[in-house]
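A structural walkthrough
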Amino acid sequence: MARLVTKFKYLKPDQEKPVGGYATYIATREGVEKIDESFKLATATVKQQKFIEKILRDFPDSATMLEYEDYQKEKTVGAASEFITRAIEDNAHEILNQKTYADYIGTRPGAERFGSHGLFTDDGVQVKLKEVSQELNAHQGNVWTLIISLRREDAERLGFNTGVRWRDMLRTQTQALADSLKIPMDHLKWYAAFHNESHHPHIHLLAYSTVENEGFLTKQGVAKMRSSLAKDIFEQDLLCIYEKQTVQRDELRLHSKELIAEIASRINAGTYDNPKVEELLLRLADRLSKTKGKKVYGYLKADVKALVDAIVDELAADEKIAALYNLWYEQKEEALQVYTEALPQRVPLSQNKEFKPIKNAVIQEALGIHADRQDVEEPSQEDDPDPEMPEAPESDSQAGDPIEPDPPPGFRSYSGGWGRKKDTWWTDEYKAARAFLYGTKTSKPDFEQALAGLKEEALRGNGFAMHDLGKMVLAGLGCEKDEEQAQEWFRKAFSAFCAREPKEEKPGYLRYRIGKMYAFGYGVDQDYLKAAEWYEKSVAEGNPFAAYALGSLYHRGQGVDQDEDKAFALFTMAATDENKPNAYAQYELGRMCQNGIGTAPDQAASEQWYKQAYQGFLEIEQNMADDKLYYRLGQMNLTGTGTKKDPEQARMYFEKAAELGNADAMYGLGKLYLSRDFSGRDVKKAIDHLMDAAGKDHDYAMYTLGKLFLERKEIPKNPEYALRWLEEAVEKENPYAEYLLGKTLLQGVDFPQDIPRAVFLLERAAARNNPYAAYALGKALLEGTVLLQDLPRAMELLAFSADQGFSAAQYLLGKVFSQGELCPKDIPRAVRYLMKAAEQDHEYAQYLLGKLYLADEGIPKDAKAALYWFTRSADQGNAFAQYQLGKLFLYGREVEQDMEKAISYLTASADQGNVYAAQLLHSVHSNRNWSAALGSLRLLQHLARIIQNRIENERKGGKGGIDRKLKRKIDEKKQAHGLKQG
């Protein structure tokens, strides 16, 4: 029996039986004297039994009450009393003036009261019982009554055991009540009272319109009101029905969902061989071609409608569609059984109004046969493209504080004259110590020897030695790291430099060294402005080292306004110095010419500067063993910059740098050994080198390890280990780690979902100009599934990512602007974004670009361009592009017909699982109408999707998101046009 019992009646104006009396009764009835609970278990008295017989004769529908069902099970005093009480209440208007009943009512239990009576209505409206009674007695229109009853156990479990809870619920139902009664909200009046019976607590409700003779209640209205009440009262239970929260229901739902998915998969994966549907579609297409006016089901003549219905019936006869339709009905009936036993009779799918959009989809398909429709289901967006492993940032010779250059010829740092060895800093002893510090081409550095020699020189007042000691102590070379002691040595060096500078005849070199100390904060507070001032003084004397250093400040905008033109000029000065051309400056000029920074793009000049830089670095290498220099040479060999690509030579230089403790080189080796293009590929060595680099706090190595342990491409998957490395990289503010960890936490696949932290990390990475993070966050905000939809912010992030050159963002924006669902359609703008992605070989962008050039919407139709982009996409194995090319060559309308090419492309597409291609091939080989064959398959899949969507939408029960009515209207419009849902 239904768990929610409702009884609807209407009362006509009657002077003998005034409606106001009914209102007074339900509001004020008093209780009987309490009796010993044990007496309720006794057999019903003879008087009660006779009274029940009279009730059933006078009011036969009382037999449907929950209380009567209980009485039938146990004919006790308590059960009889509950039934008699309820039956009298339900029929109070009929029996108030009958003595037999009136005597019984005098001993009734009372209603729960709010003040002096139990009536209530809308919030903020005062209820004066006398005035309500008078108003109802004077009312000349109909008054509808509704009784809503629950079992006691349901009322207790759901919280509907107090008048306040019922009152609050009914106040949310006023719109549903008005709609069901066909009364405008501003005309509706209603009152209710709660009777807290021991077994079946219930509500009495009266409703009417202030405009007499307004309003009516149909069977549909009754069903609608029952459904609305049931969904509100049994909300949690209905969620259990839809989501199957108990173990048993979980299993049922899982089985149901798997069954639906399996059916849909079988439909989507196979062809559909139904000549009857094809024949009916051709007949319908012919009939529609001769039909004037709107080509919409509701406007068609009866015989054309019958053709449409026949096609739907034929589709519904497919066993897979029939299974889906049955699942939809079973779920619907399960929900209906909460409040009614009278389930509606099942109707054929073609007669079911819930699925009327399929009829217009049939019409569109038939119209498309003569129009030779070219469209096909849009491919679903693939998983977010995983960005390529980022390169480690190259060591910047300025930022990395490279080896100091030798002083220029003639420099002696000597105050009393020339040639007196005892007064110079550039002594043989200092040069020997320096050789121990930096090593030579034939010998590795010896830090202990270097430390001893530099200390001896420093004690003699050698400023260069003091500076080099500071660098050794700062880096912990041959001694313990000690920043405070290092700064002490730097302060001594700075004082020595400043004391010597005024005495030098040519102080340019010392001014350069003083500027560098300000730039790096060695012995002084870091001050780029003062560094620039000292560099300027040195440049004025023609010092090439200062020119490079000052150019770097202008390039980065440190201490001076960023000025790429000035940077370019200063780098040129350093690079072309006749005595000692600066290789680092030459390298920077190569990069600036390549990218058009500070000068016009010039690839030939770029290559020339890179070649000169490479040769310059080789010359420096002849005289010293410097890890940063080795790393730079390794990178240039790896990328073919300034020299031919030579991965083996790159490995050699990386290994030299790694032996000297260079973390970038360790990371470079790790990447090189992972590369599938490297002949010496060795994953184990790669991991070892990455571990070494990570052990030196290399954040890109940490990120890469996290990525490797997460993606399971090269090594066994280990989410816990991946999380450890990603967290360490995030601590170092690595934007790629922030992106990957944020994306993973947002998805909640490998780690527990943590949306707030995911958004924080993605926002932070995007703020660091990471295009992948901007794309991931923008896509989530666009879709509105995991995060609340925020279109302005989504479009802002996607535009930023696209402007950074990320093809996935360019494709997504192109798709959004081409569809016009989330923003106004803008085909030219879509084409601009898609073109950028297509030129980067994004296969889906190429495919969609081809479709737009065929569509003749927003841009001129261009079959040649469409053919070009379809071909480029198909060459990458895109099944949709292969299908479109197959159709183009098959039909021979946009291009010259070529059956050999058509069959080849269709076969390639079908081999990848494209059922449309397979269907078309089947129809070609069997000499059937191609368009009708495709149309029948499209309709079968479309119908399956409509039923599947209905099942899922009704399961969700409207939890959040778009209003279900609006969503259904949108879906129906999409379905009518054969568009994909979701």
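Before any of the text, the structure's been laid out above.
Being a predicted model, the structure only gives us computed values, none of them experimental.

**Regarding the overall build of the protein**
Along the backbone of the protein there are 46 helices and four strands. Counting only residues that meet the buried cut, the protein has 50% of its 982 residues in that class. Of the contacts formed within the protein by residues at least 6 apart in sequence, a portion of 63% connects residues at least 24 apart. Carbon and sulfur atoms provide 49% of the accessible area of the protein, an area that totals close to 46,100 Å².

**A short note on the nonpolar core**
Judged by nonpolar contacts, the single largest core of 181 residues is most densely connected at Tyr535 and Phe617. Ranked by residues supplied to this core, first place goes to helix 36 (residues 771-783) with nine residues.

**Some thoughts on the pairing of strand 2 (residues 143-150)**
Along strand 2, eight of the eight residues are buried, which leaves the element largely enclosed by surrounding structure. The side-chain alternation of strand 2 yields two buried faces, one formed by Val143, Thr145, Ile147 and Ser149 and the other by Trp144, Leu146, Ile148 and Leu150. Of the strand pairs in this sheet, strand 2 and strand 4 (residues 202-209) are connected by six bridges, and their pairing is antiparallel. Looking at the pairing, isoleucine 147 lines up with histidine 204 of strand 4.

**Section: the packing of aromatic side chains**
In this structure the tally under the stated criterion is 42 aromatic pairs. With 6.1 Å between their ring centres and 80 degrees between their planes, phenylalanine 120 and tryptophan 190 make a pair best called edge-to-face. Taken together, the positions of phenylalanine 120 in the loop between helix 6 (99-105) and helix 7 (129-138) and tryptophan 190 in strand 3 (residues 188-195) put the pair 70 residues apart, joining distant regions of the chain. Each member of the pair, phenylalanine 120 as well as tryptophan 190, is classed as buried. Through a chain of ring-to-ring contacts, the aromatic side chains of Trp425, Trp426, Tyr430, Phe464, Phe497, Tyr509, Tyr512, Tyr535 and Phe545 assemble into a single cluster. Its guanidinium or amino end placed over the ring of tyrosine 297, lysine 305 lies 5.4 Å from that ring's centre, counting from NZ or CZ. When the ring centre of tryptophan 725 is taken as origin, the NZ or CZ atom of arginine 724, which lies over that ring, is 4.2 Å away.

**Quick look at the pairing of strand 4**
Most of strand 4 sits out of view: eight of its eight residues are buried. Taking every second residue as pointing to the same face, both faces of strand 4 are buried, with His202, His204, Leu206 and Tyr208 on one and Ile203, Leu205, Ala207 and Ser209 on the other. Taking the residues that link successive antiparallel strands as the turn, the strand 3-strand 4 hairpin has six residues.

**Digging into the environment of glutamine 603**
The topology assignment puts glutamine 603 in helix 27 (residues 603-623). Taking the relative accessible area as the measure of exposure, glutamine 603 reaches 42% and is therefore partly exposed. In the structure, glutamine 603 is positioned 13 residues away from glycine 590 in sequence and 8.6 Å away in space, judged by C-alpha atoms. Each residue touching glutamine 603, except ones within four places of it in the same chain, is listed here: Cys593 and Gln594. Here glutamine 594 takes part through its backbone oxygen, which lies 3.1 Å from a polar atom of the side chain of glutamine 603.

**Considerations on the environment of alanine 499**
The topology assignment puts alanine 499 in helix 21 (residues 483-500). Relative accessible area serves as the criterion here: at 43%, alanine 499 is assigned to the partly exposed category. Remark: the alpha-carbon pair of alanine 499 and glycine 463, spanning 36 residues in sequence, is separated by 9.9 Å.

**Details of the pattern of salt bridges**
A complete count under the given rule lists 37 salt bridges for this structure. The closest approach of N and O atoms between glutamate 588 and arginine 591, which form a salt bridge, is 2.8 Å. Of the two residues, glutamate 588 and arginine 591 are both situated in helix 26 (residues 583-595); the distance of three residues between them amounts to about one turn of the helix. Glutamate 588 sits in the buried class, given a relative accessible area of 5%. A relative accessible area of 30% means that arginine 591 is categorised as partly exposed. The salt bridge involving arginine 757 is made with glutamate 727; its shortest N-O contact spans 2.9 Å. Separated by 30 residues along the polypeptide, arginine 757 in helix 35 (residues 755-767) and glutamate 727 in helix 33 (residues 719-731) bring together distant segments of the chain. On the basis of relative accessibility, which here comes to 29%, the residue arginine 757 falls in the partly exposed class. Taken together, the shared-partner salt bridges in this structure form one network comprising Glu69, Asp70, Lys73 and Arg151.

**Some words on the packing of helix 27 against helix 28 (residues 627-639)**
Packing of helix 27 against helix 28 brings their axes to within 10 Å, and their N-to-C directions diverge by 145 degrees. Crossing handedness for the pair helix 27 and helix 28: left-handed. Residues Tyr610, Tyr614, Phe617, Leu618, Ile620 and Glu621 of helix 27 form the contact with helix 28, whose own contacting residues are Leu629, Tyr630, Arg632, Leu633, Met636 and Asn637. Broken down by class, the residue content of the contact of helix 27 with helix 28 amounts to nine nonpolar, one polar and two charged.

**With respect to helix 38 (residues 807-819)**
When the terminal C-alpha atoms of helix 38 are compared, their 18 Å separation across 13 residues agrees well with the 18 Å that a helix rising 1.5 Å per residue should span. Taking burial as the measure, the 13 residues of helix 38 include twelve buried ones, the bulk of the element. Within the sequence span of helix 38, burial applies to Ser807, Ala808, Ala809, Gln810, Tyr811, Leu812, Leu813, Gly814, Lys815, Val816, Phe817 and Ser818. Where helix 38 is buried, its residues meet helix 36, helix 37 (791-803), helix 39 (827-838) and helix 40 (843-855). Two residues or fewer past helix 38, glycine 820 is found with a positive phi of approximately 70 degrees.

**Let's talk about helix 29 (residues 647-659)**
Compared with an ideal rise of 1.5 Å per residue, which puts 13 residues at 18 Å, helix 29 spans 18 Å between its outermost C-alpha atoms and is within 8% of the ideal. Looking at helix 29, one finds that the buried residues are Ala650, Arg651, Tyr653, Phe654, Ala657 and Ala658. Just past helix 29, the residue glycine 661 takes up positive phi, approximately 90 degrees.

**Observations concerning the packing of helix 30 (residues 663-674) against helix 31 (residues 683-695)**
Between helix 30 and helix 31, the shortest axis-to-axis distance is 7 Å and the interhelical angle comes to 160 degrees. Looking at the two axes, helix 30 sits roughly antiparallel to helix 31. Crossing hand, helix 30 versus helix 31: left-handed. Of the residues in helix 31, those in contact with Ala663, Met666, Tyr667, Leu669, Gly670, Tyr673 and Leu674 of helix 30 are Val683, Lys685, Ala686, His689, Leu690, Asp692 and Ala693.

**What about the environment of histidine 202?**
Structurally, histidine 202 is set in strand 4. Placed 47 residues apart in sequence, histidine 202 and alanine 155 show a C-alpha to C-alpha distance of 9.3 Å. Setting aside its immediate chain neighbours within four residues, histidine 202 contacts Arg86, Glu89, Ile147, Ile148, Ser149, Ala193, Phe194, His195 and Glu197.

Conventions used here
Residues numbered from 1 in each chain as written. Predicted model: local features only at pLDDT ≥ 70, side-chain atom pairs only at ≥ 80, totals over all residues. Heavy atoms only, no water. Helix = DSSP H or I, 4+ residues; strand = E, 2+ residues; numbered from the N terminus. Buried < 20%, exposed > 50% of the residue type's maximum accessible area, 1.4 Å probe, protein only. Contact = heavy atoms within 4.5 Å. Areas by Shrake-Rupley, 256 points an atom, 1.4 Å probe, with all protein chains shown as cover. Core = buried A, V, L, I, M, F, W, Y, C linked by side-chain atoms within 4.5 Å. Pairing = 2+ DSSP bridges. Phe/Tyr/Trp six-rings, centres within 6.5 Å; stacked < 30°, edge-to-face > 60°. Lys NZ or Arg CZ within 6 Å of the ring centre and 35° of its normal. Polar contact = N/O pair within 3.5 Å; in protein donor to acceptor, adjacent residues only side chain to side chain. Salt bridge = Lys/Arg side-chain N within 4 Å of Asp/Glu carboxyl O. Axes fitted to C-alpha atoms, helices over the stretch in contact; angles between N-to-C directions. Left-handed = near helix turned anticlockwise from the far one by under 90°. Nonpolar A, V, L, I, M, F, W, Y, C, P; charged D, E, K, R; others polar. Expected span 1.5 Å × (residues − 1). Parallel < 35°, antiparallel > 145°, perpendicular 65-115°, else oblique.

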